Amino acid sequence: QVQLVESGGGLLQAGGSLRLSCTASGRPFQNYAMGWFRQAPGKEREFVAAISWSGRSTYYADSVKGRFTISRDNAKNTVYLQMNSLKPEDTAVYYCAVGRAPRTVVSSYDYWGQGTQVTVSS
């Protein structure tokens, strides 16, 4: 019923920018928060950013503050992650997720997308 589809990943050099998109379908909740997580090979999935339904509350991991911006367009059921000043350490599969609140832990989210690869070379 609920599907999340990410897009916008790619291969680029350090210092570059990408914008990821994630569109939700199936109306998981009347109002829902959305978040971005990432996972590198051999590592656990980690929090990147989250946003409330209204868009008035946003949260970021310390590692991306000042470089990444999360936003959403509820008319399109879409969340975005603008990534600037990318570093090799940002290389990972990026996943979007839907939950009842914009929390920072994986277990707080109910639905997940398939992921999109971001690779940053030095």
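Computed from a predicted structure; not experimentally measured.

(A) Fine view of the side chain of Ser21. Note on placement: Ser21 falls in strand S3 (residues 18–25). According to the relative accessible area criterion, Ser21 is buried, its value standing at 16%. Once you skip the residues sitting within four places of it in the chain, Ser21 turns out to touch Val5, Glu6, Ser7, Trp36, Thr78, Val79 and Tyr80.

(B) Molecular detail of the pairing of strand S4 (residues 33–39). Of all seven residues making up S4, six are buried, and the element is well covered by its neighbours. Judged from the seven bridges that link them, S4 and strand S9 (residues 92–99) form a sheet pairing that is antiparallel. Bridge pairing links Ala33 to Gly99 in S9. Between S4 and strand S5 (residues 46–51), which follow one another and run antiparallel, lie six residues, and Gly42 among them has a positive phi close to 80°.

(C) Fine view of the state of the cysteines. Applying the stated criterion across every chain, the model contains one disulfide. Linked covalently through their sulfurs, Cys22 and Cys96 form a disulfide whose S-S length is 1.8 Å. Taking the sign of the S-S torsion, 45° for the link of Cys22 and Cys96, the bridge is right-handed. Of this pair, Cys22 sits in strand S3 while Cys96 sits in strand S9; the two residues are 74 residues apart in sequence, bridging distant segments of the chain.

(D) Highlighting the nonpolar core. Membership of the largest hydrophobic core comes to 33 residues, with the highest contact counts inside it found for Met34, Trp36, Leu81, Met83 and Tyr94. Of all the elements in the fold, those that place two or more residues in this core are S3, S4, S5, strand S7 (68–73), strand S8 (78–83), S9 and strand S11 (116–121).

(E) Examining the environment of Thr104 more closely. The residue Thr104 is located in the loop between S9 and strand S10 (109–112) in this model. On the accessibility criterion, Thr104 (44% relative accessible area) is partly exposed. Each C-alpha atom of the pair Thr104 and Gly35 lies 8.1 Å from the other, and the pair is 69 residues apart in sequence.

(F) Inspection of the side chain of Glu6 at higher detail. With respect to the helices, strands and loops of the structure, Glu6 is situated in strand S1 (residues 3–7). For the buried Glu6, no salt bridge exists, and the shortest N-O distance to an oppositely charged side chain is 7.4 Å, to Arg45. Within polar-contact distance, the side chain of Glu6 engages the backbone nitrogen of Cys96 at 2.9 Å. The residues contacting Glu6, other than those within four sequence positions of it, are Ser21, Cys22, Trp36, Tyr94, Tyr95, Cys96, Gly113, Gln114, Gly115 and Thr116.

(G) Focus on the packing of aromatic side chains. The full count for this structure, using the stated rule, is five aromatic pairs. With a centroid separation of 5.7 Å and 75° between ring planes, the pair formed by Phe37 and Phe47 is classed as edge-to-face. In this pair, Phe37 sits in strand S4 while Phe47 sits in strand S5, placing the two residues 10 residues apart along the sequence. Comparing Phe37 with Phe47, the two get one shared label, buried. A centroid spacing of 6.1 Å and a plane angle of 65° characterise the contact between Tyr109 and Trp112, whose relative ring orientation is edge-to-face. When its relative accessible area of 6% is taken as the criterion, Tyr109 is described as buried.

Conventions and cut-offs
- Residues numbered from 1 in each chain as written.
- Predicted model: local features only at pLDDT ≥ 70, side-chain atom pairs only at ≥ 80, totals over all residues.
- Heavy atoms only, no water.
- Helix = DSSP H or I, 4+ residues; strand = E, 2+ residues; numbered from the N terminus.
- Buried < 20%, exposed > 50% of the residue type's maximum accessible area, 1.4 Å probe, protein only.
- Contact = heavy atoms within 4.5 Å.
- Pairing = 2+ DSSP bridges.
- Disulfide = S-S within 2.5 Å.
- Core = buried A, V, L, I, M, F, W, Y, C linked by side-chain atoms within 4.5 Å.
- Lys, Arg positive; Asp, Glu negative; His and termini not counted.
- Salt bridge = Lys/Arg side-chain N within 4 Å of Asp/Glu carboxyl O.
- Polar contact = N/O pair within 3.5 Å; in protein donor to acceptor, adjacent residues only side chain to side chain.
- Phe/Tyr/Trp six-rings, centres within 6.5 Å; stacked < 30°, edge-to-face > 60°.

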